[in-house]
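Architecture and fold: a report
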Amino acid sequence: QVQLVESGGGLVQPGGSLRLSCAASQIIFSIYNMGWYRQAPEKQRELVAAITKNRETNYAGSVKGRFTISRDNDKNTVYLKMISLKPEDTAVYYCNAQMTGRTRVYWGQGTQVTVSS
């Protein structure tokens, strides 16, 4: 059973930092492109950051310069380092995995990030 398990979410004050982790199992992690998405209440799910199997990255304009995506293939884990958090970053953050040339996408269960005073 393919599994993606996110962790690291929580409540943080504006300007604070968090690091999210997504641990993958039952996939050959190194050949998958990985991404972080988020969904706020009553909003569409949006791409936050992505990292390819070749470690190419891209970011949503709203987080560029504040968030950093990285991967550790030895640990089958993708990370999202978030700094200078804003209330508008509040959302459920989801990890996903997709192989190049395939339409099948795997999703984690999500982890809540709340940025509030």
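As a starting point, this report considers the structure included with it. (Residues numbered from 1 in each chain as written. Predicted model: local features only at pLDDT ≥ 70, side-chain atom pairs only at ≥ 80, totals over all residues. Heavy atoms only, no water.)

1. Observations concerning the packing of aromatic side chains
How we decide: Classification of ring pairs rests on two measures: the distance between centres of Phe, Tyr or Trp rings, Trp counted by its six-membered ring, which must be within 6.5 Å, and the angle between planes, read as stacked under 30 degrees, edge-to-face over 60 and tilted in between. Note on conventions: DSSP H or I runs of at least 4 residues are helices, E runs of at least 2 residues are strands, and numbering of each starts at the N terminus. Buried, partly exposed and exposed residues are distinguished by accessible area as a fraction of the type maximum, computed with a 1.4 Å probe on protein chains only: under 20%, between the cut-offs, and over 50%, respectively. In this scheme, the term charge over a ring applies when either NZ of a lysine or CZ of an arginine sits within 6 Å of the ring centre and within 35 degrees of the ring normal.
The tally for this structure, following the rule as stated, stands at 2 aromatic pairs. With centroids separated by 5.0 Å and ring planes inclined at 70°, the aromatic side chains of Y37 and W107 adopt a geometry described as edge-to-face. Taken together, the residues span a long stretch of sequence, with Y37 in strand β4 (residues 32–39) and W107 in strand β10 (residues 105–107) at a distance of 70 residues. The exposure class of W107 is partly exposed, given its relative accessible area of 36%. Between R45 and the ring centre of Y94, over which it is positioned, the NZ or CZ distance is 3.8 Å. Here the guanidinium or amino end of R71 rests over the ring plane of F29, the centre of that ring lying 4.6 Å away.

2. A word on the pattern of salt bridges
Put simply, the test is: When a carboxyl oxygen of Asp or Glu is within 4 Å of a side-chain nitrogen of Lys or Arg, the pair counts as a salt bridge.
Evaluated as defined, the whole model comprises 3 salt bridges. E46 is the partner of R38 in a salt bridge, and the nearest nitrogen-oxygen pair spans 2.8 Å. Among the salt bridges present, the one from D89 reaches R66, with a minimum N-O distance of 2.8 Å. Within this pair, whereas D89 is found in the loop between β8 (77–82) and β9 (91–99), its partner R66 is found in the loop between β6 (57–59) and β7 (67–72), the two being separated by 23 residues in sequence. Note on accessibility: D89 and R66 belong to one class, buried. It is possible to trace a salt-bridge network through shared partners that takes in R38, E46, R66 and D89.

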